[in-house]
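Observations on the model geometry
So you can see what is in the structure, the chains are spelled out below.
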Amino acid sequence: MRVYDVIAKKRDGAELSQEEIQFLLNGYAAGDIPDYQMSAFTMAVFFQGMTARETAHFTQVMLQSGDQIDLSDIPGVKVDKHSTGGVGDKTTLVVAPLVAAAGIPVAKMSGRGLGHTGGTLDKLAAIPGLQVDLAPEQFLRQVREVGLAVVGQTGNLVPADKKLYALRDVTATVNSLPLIASSIMSKKLASGADKIILDVKVGSGAFMKTAEEAFALAKAMVDIGSSMKRETTALVSDMDQPLGKTVGNALEVVEAVETLKGHGPEDLRQLCLELGARMLAAAGKAADEHRGKEILTELLRNGSGLKKLREMVTTQGGNAEALENYNLLPRAQVIIPLYSKTNGYISHLHAEKVGLAAMAAGAGRSRKEDEIDLAAGIVLKAKRGDKVAVGEQLAEIHAADERRAAQATDMLAEAFTYGQPEKHPLILGFVTD
Ligand code: URA
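Reading guide: rules and limits
Residues numbered from 1 in each chain as written. Predicted model: local features only at pLDDT ≥ 70, side-chain atom pairs only at ≥ 80, totals over all residues. UniProt positions renumbered as here; feature names shortened; annotations may be inferred. Helix = DSSP H or I, 4+ residues; strand = E, 2+ residues; numbered from the N terminus. Rg over C-alpha atoms; globule rule 2.2 N^0.38 Å. Buried ≥ 20, exposed ≤ 12 C-beta atoms within 10 Å, placed from the backbone. Contact = placed C-beta atoms within 7 Å. Pairing = 2+ DSSP bridges. Axes fitted to C-alpha atoms, helices over the stretch in contact; angles between N-to-C directions. Domains from an automatic or database assignment. Near = placed C-beta within 6 Å. Nonpolar A, V, L, I, M, F, W, Y, C, P; charged D, E, K, R; others polar. Core = buried A, V, L, I, M, F, W, Y, C linked by C-beta atoms within 7 Å. Expected span 1.5 Å × (residues − 1). Parallel < 35°, antiparallel > 145°, perpendicular 65-115°, else oblique. Left-handed = near helix turned anticlockwise from the far one by under 90°.

For the protein chain, an unreviewed UniProt entry supplies the name Pyrimidine-nucleoside phosphorylase and the organism Metallumcola ferriviriculae. Among the UniProt annotations of the protein chain, the heading Sequence similarities (unreviewed entry) holds the following wording: "Belongs to the thymidine/pyrimidine-nucleoside phosphorylase family."

**Brief notes about the overall build of the protein chain**
Scanning the protein chain from N- to C-terminus turns up 16 helices and 13 strands. A compact globule built from 433 residues would reach a C-alpha radius of gyration of about 22 Å, and the protein chain, at 21 Å, matches this within 12%. Taken over the C-alpha atoms alone, the protein chain extends approximately 65 × 45 × 40 Å along its principal axes. Across the 433 residues of the protein chain, 56% fall into the buried class. For the protein chain, long-range pairs separated by at least 24 residues make up 77% of all intrachain contacts whose partners lie at least 6 apart in sequence.

**Focus: the environment of Leu-235**
Structurally, Leu-235 can be placed in strand β5 (residues 232-238). A count of 20 C-beta atoms within 10 Å places Leu-235 in the buried class. As a C-alpha pair, Leu-235 and Thr-432 span 197 residues in sequence and 8.7 Å in three-dimensional space.

**Concerning the UniProt feature "domain: Pyrimidine nucleoside phosphorylase C-terminal" (unreviewed entry) in the protein chain**
UniProt marks residues 345-419 with the feature "domain: Pyrimidine nucleoside phosphorylase C-terminal" (unreviewed entry), using the numbering shown here. With 31% helix and 28% strand, the stretch residues 345-419 has end C-alpha atoms that lie 6 Å from each other.

**A short note on helix α5 (residues 91-101)**
Most of α5 sits inside the fold, with 11 of its 11 residues counted as buried. All of the buried residues in α5 are Thr-91, Thr-92, Leu-93, Val-94, Val-95, Ala-96, Pro-97, Leu-98, Val-99, Ala-100 and Ala-101.

**Overview of the sheet that holds strand β11 (residues 393-399)**
The four strands lie next to each other as β6-β9-β11-β7, forming an open sheet whose pairing is antiparallel. Each having just a single partner strand, β6 (246-247) and β7 (334-339) make up the two edges of the open sheet. Note that β6 and strand β9 (residues 377-380) share two bridges and pair antiparallel. Of the residues in β9, the one forming a bridge with Val-247 is Ile-378. Packed onto the sheet, helix α16 (residues 402-413) meets β7, β9 and β11 and runs at close to 145° relative to β11.

**A look at the domain arrangement of the protein chain**
Splitting the protein chain by domain gives domain 1 (3-49), domain 2 (79-324) and domain 3 (331-418). Here domain 1 and domain 3 have C-alpha centroids that lie 42 Å from each other.

**A word on the site of the ligand**
All residues adjacent to the ligand are Gly-85, Tyr-165, Val-174, Leu-179, Ile-180, Ser-183 and Ile-184. In terms of residue count, the dominant contributor to the shell around the ligand is helix α9 (residues 177-190) (four residues). Of the residues assigned to the shell around the ligand, the class counts are five nonpolar, two polar and no charged.

**Points about the sheet that holds strand β1 (residues 79-83)**
If you trace the four strands from one edge of the open sheet to the other, you get β1-β4-β5-β13, paired in mixed fashion. With partners counted over all chains shown, the strands left at the sheet margins are β1 and β13 (427-431), one partner each. On average, each strand axis in the sheet is inclined to that of its neighbour by 15°, with strand direction left out of account. Pairing between strand β4 (residues 195-202) and β5: seven bridges, direction parallel. Bridge assignment links Ile-197 to a residue of β5, and that residue is Thr-233. Each of β1, β4, β5 and β13 is contacted by helix α12 (residues 266-282), which is oriented at about 155° to β4, the strand it contacts most.

**Topic: the environment of Arg-141**
Here Arg-141 is to be found in helix α7 (residues 136-146). For Arg-141, a count of 16 C-beta atoms within 10 Å gives the class partly exposed. The sequence separation of Arg-141 and Lys-10 amounts to 131 residues, and the corresponding C-alpha distance is 45 Å.

**Regarding the nonpolar core**
Core analysis: the biggest nonpolar cluster contains 144 residues, and Met-221, Ala-357 and Ala-361 have the highest contact counts within it. The element contributing the most residues to this core is α12, with 10 residues. Ignoring any residue separated from it by four or fewer positions in sequence, one finds Met-221 in contact with Ala-181, Ile-184, Met-185, Leu-198, Thr-232 and Ala-234.

**Some thoughts on unusual backbone geometry**
Not every positive phi belongs to a glycine, and Ala-172 is a case in point at roughly 55°. When you line up the elements, Ala-172 lands in the loop between α8 (159-170) and α9. In this model, Lys-229 sits at a positive phi of 60°, which is unusual for a non-glycine residue. Structurally, the position occupied by Lys-229 is in the loop between α10 (211-227) and β5.

**Topic: the pairing of strand β3 (residues 148-151)**
Alternating positions in β3 separate into two faces, Leu-148 and Val-150 on one and Ala-149 and Val-151 on the other, with burial throughout. Looking at chain direction, strand β2 (residues 106-109) and β3 are connected through four bridges and run parallel. Looking at β3, one finds that Lys-108 is bridged to Val-150.

**Some remarks on α16**
Over its 12 residues, α16 runs 16 Å from end to end, which matches the ideal 16 Å to within 8%, given 1.5 Å per residue. For α16, the elements touching its buried residues are β7, α15 (351-361), β9 and β11.

**Observations concerning the packing of α8 against α9**
The contact between α8 and α9 brings their axes to 11 Å, and the two run at 150°. With respect to α9, the element α8 is oriented roughly antiparallel. Handedness of the α8/α9 crossing: left-handed. Every residue of α9 that contacts α8 at Asp-161, Tyr-165 and Arg-168 is listed here: Leu-179, Ser-183, Ser-186 and Lys-187. Taken together, the residues of the contact of α8 with α9 sort by class into two nonpolar, two polar and three charged.

Here you go:
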């Protein structure tokens, strides 16, 4: 078999066989196929796509390129949750402890943020002392004993994706539906859960800008899950504006904790209940989503979710006092307000622009190696549909110095549009097998 012929076949829109996909991906992971040939291939996929069968084979070969976590020693059905990424998405910090408090073991591996989207590991890093780099045995022990662990990747999972993603990132081929679906699902499958709940984001702050694209991505991932006998359900949710009212790591921890205390913003609470209820139903802990929501609402009300988060933080070496006394979390030196210059309704709050403004304040990284300021970010005082008057506060910018704060403020002002508010449901729909 020749690499040239496989590339040409995909370029011409034909379906690749399992052997051809194996040959290509294994050869690339082993270093036998150079970046320039793989780049040509990913660009061919970008334009020609892949069939469901090719995508499933591609995912399987990626999955087999490294370690796979074995959760079989942990009793019960293990359910994982994954979001395709957005701005202000702190759902894992709420959903994981709530579901664990309901008695479902949660063994969660999360990532760091890149670009305008945040990552759960960065949010956790804002809690003083908390360790996210656990050895595989330690990770499994904690899930067995506490019922919950949220950590960085442990073990050498899907090295083929690591290499391929880095290549896609510099060859303008990240935004290909089958490549995103196989990249995400190979990592989810390698993490060992029996069932997977996906939150596919749609809108200005998401990979997928239209509902049609988001549902297609959701279906591709659900199909991959089914082909590997791991039941997968996806919901498609709004990321046209940020989720909740905070963007930035320490600020998002506070908002997540407030949500666990019953004081969170309505959109965040609602999405967490939807995701968590599906996890409970998938694990057989609730007869259906309605019952799942009732169970989780009670765990919010009686403080069990917060208690579980405290337990996890303590076990991972963090100072759980910071979940009560927010002064123990990183705090910005400079906080400046952004005021409205217009009377009227906010018709649109552009999530990507808010994310980029938060990055300019110091909350995000443009390259993997960049350091971030855990205290930096944005607190939104007004969102889509709100009526504001001239001089009313739209947001607060938290930064390490005046220069960063001023730059972020100018960028953030561009995220607000005034006019007739558009109707956007928080949850656009569900995709199941
Ligand atoms: N997240 C991933 O893990 N992979 C992609 O390709 C896109 C988003």
